[in-house]
Amino acid sequence: MTSATTVKTEYEAIIGLETHCQLSTKTKIFSTSSTEFGAEPNTNIDPVCMGLPGVLPVLNEKVLEYAVKAGLALNCQIAKYSKFDRKQYFYPDLPKNYQISQYDLPIAEHGWLEIELVDKDGNPIRKKIGITRLHMEEDAGKLVHAGSDRLSGSAYSLVDYNRAGVPLVEIVSEPDLRSGQEAAEYVQELRRIMRYLGVSDGNMQEGSLRCDVNISVRPVGQKEFGTKVEIKNMNSFNAIQKAIEYEIERQIAAVEAGERIFQETRLWEEGSQRTISMRSKEGSSDYRYFPEPDLAPIEVSDAQLEEWRTQLPELPASKRYRYESELGLSAYDARVLTEERATAEYFEATIAKGANPKAAANWITQDIAAYLNKNKLNITELGLTPANLADVIVRIEKGKITNAKAKQKLADLLAGASPDELFKGEEPISDPSVLEPIVDEVIAANPKEVEKFRSGKTNVKGFFVGQVLKKTGGRADPKLTNELVDQKLNS
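As a starting point, this report considers the structure included with it.

Criteria and thresholds
- Residues numbered from 1 in each chain as written.
- Predicted model: local features only at pLDDT ≥ 70, side-chain atom pairs only at ≥ 80, totals over all residues.
- Heavy atoms only, no water.
- Axes fitted to C-alpha atoms, helices over the stretch in contact; angles between N-to-C directions.
- Helix = DSSP H or I, 4+ residues; strand = E, 2+ residues; numbered from the N terminus.
- Parallel < 35°, antiparallel > 145°, perpendicular 65-115°, else oblique.
- Left-handed = near helix turned anticlockwise from the far one by under 90°.
- Contact = heavy atoms within 4.5 Å.
- Nonpolar A, V, L, I, M, F, W, Y, C, P; charged D, E, K, R; others polar.
- Expected span 1.5 Å × (residues − 1).
- Buried < 20%, exposed > 50% of the residue type's maximum accessible area, 1.4 Å probe, protein only.
- Arc of directions from axis to C-beta.
- Core = buried A, V, L, I, M, F, W, Y, C linked by side-chain atoms within 4.5 Å.
- Pairing = 2+ DSSP bridges.
- Salt bridge = Lys/Arg side-chain N within 4 Å of Asp/Glu carboxyl O.

Two numbers describe how helix α8 (residues 357–375) lies on helix α9 (residues 386–397): the axes approach to 10 Å, and their chain directions differ by 120°. On the basis of their axis angle, the class for α8 and α9 is oblique. Taken as a pair, α8 and α9 cross one another with a handedness that is right-handed. Residues Ala359, Ala360, Trp363, Ile364 and Ile368 of α8 touch α9, and the partners they reach there are Leu389, Val392, Ile393 and Ile396. A breakdown of the residues in the contact of α8 with α9 according to their chemical character gives nine nonpolar, no polar and no charged.

Right, here's the structure in full:
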């Protein structure tokens, strides 16, 4: 008899993201109301963002500048000619019953960004993710449901229009992502870029960065996509990854069981760690787009485009490459140092003052990072200046102070104390004629430990070294002390 072997089907996920990123302008996209977060409900409003009759929108110039800079940083083609459109839909927090957005002629298209994951051996794995388009639009308001976190089950709902008219760019990726980890890293890199540019704070807790995930599964090797499911309004990296991982398993299980996957919109339920159905979506919505008649088309001149291009900073991916290839840092160190622009600038200012890059990286990613986290501070609020950190690192390398002595004074250094004052008279003792009598004294005072050493318990040598360091206030040169102790105990 021959037994048939069942070959298990392998599946892959096809994932694309639509990311809404709030731009950090002081005023709204088409009016002068403030964009400040946390104001009393319905205080940052005006006739334009409320859609009152007889008022006209005027494009905020900063919004265009920030959108173009974001497009350039994402390697997009910037449109010489683009326009705004009306997107028609009704929702209680949309005052005009339409949203001003961009449809067929967005400001930027055909770009990419590179994500970087680190494997178990610390090696970087890089992958380019295509950007379909980036366009400008206004945000809607916010519904506050009493008695529930969503409309279902609430006693009543209130509307806060403070967000109405807040400027957004929507960034649509190609379906190039294949896992929850890749998707989470894509959003993190997008956030890094926006923060480096200074065009958005990327604060997900305040809604400055929100994601919709489109996901389907198919057997490996199949060209056709499976049925797409959308997961709405993801607002944390962890939620994005967990929701995608759950949804991949759910869809594969449905396919294996012969069940139909419906095109629908789902929500991530944090408490139960699962996605739940929100509404069915059998076809694409008909938003009846047409050109916005109250706003002129946008034309970006070559001179203006070039001026904005020259204002772009070095971006995180470029810094990571440079730190690894030119400075010899690990992928992990490069990634941590480039997470925030201010951290990278602090690091670069430190090595510009003569510090060894690896030593500077260790101080910043370990001792300094721990201090900042504990005290909830930004590196720009640190008392230890890059010049003083470089001074300490150079002193250690030249043997003027020990690493242990520097760590002993860490609290004072971080608070801003001068290395000159802290380490005055603290130079290491590296003269054998000074150290030798101290070693003799320690050995003579501890005959029992000497006996232990000579009976084979060589690990007690550390005890003698420690005693010498203690007697000299930590100033004894550790290497020389070890040599002298070894020499004396074996004589």
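Once that is clear, we can look at helix α3 (residues 237–256). Spanning 20 residues, α3 covers 29 Å between terminal C-alpha atoms, matching the ideal 28 Å at 1.5 Å per step. Within α3, burial applies to Ala239, Ile240, Ala243, Ile244, Glu247, Ile248, Gln251 and Ala254. In a view along the axis of α3, the buried residues occupy a sector of 160°, so they form one face of it. On its buried face, α3 sits against β1 (11–22), α2 (180–197), β11 (209–219), β12 (229–234), β13 (264–269) and β14 (274–280). Gly258 sits one or two positions beyond α3 and adopts a positive phi of about 75°.

On to the nonpolar core. Residues Tyr186 and Ile368 are the most contacted members of the largest nonpolar core, which totals 90 residues. Each residue touching Tyr186, except ones within four places of it in the same chain, is listed here: Leu17, Thr19, Leu113, Ile115, Ile129, Ile131, Ile171, Ser173 and Leu177. Listed in part, the 17 residues of the second largest apolar core include Val439, Phe453, Val460 and Leu489.

The next point concerns the sheet that holds strand β15 (residues 290–291). Across the sheet, which stays open at both edges, the three strands sit in the order β5-β4-β15 with antiparallel pairing between neighbours. The open sheet terminates on both sides in strands that have one partner only, identified here as β5 (98–101) and β15. Bridge count for strand β4 (residues 85–88) against β5 is four bridges, and the pairing is antiparallel. Looking at β5, one finds that Arg86 is bridged to Ile100.

Two side chains bearing opposite charge may form a pair once their charged atoms approach each other closely. Under the definition given, this model contains 42 salt bridges. Its salt-bridge partner being Glu292, residue Arg86 comes within 2.8 Å of it at the nearest N-O pair. Taken together, the positions of Arg86 in strand β4 and Glu292 in the loop between β15 and β16 (298–299) put the pair 206 residues apart, joining distant regions of the chain. Here the two residues Arg86 and Glu292 agree in accessibility, since each one is buried. Note that Glu314 is salt-bridged to Lys319, the shortest N-O span being 3.1 Å.

So, on to the pairing of β4. Here β4 shows a buried face lined by Asp85 and Lys87 and a second buried face lined by Arg86 and Gln88. By the bridge criterion, two bridges tie β4 to β15 in an arrangement that is antiparallel. Along β15, the bridge assignment pairs Arg86 with Phe290.

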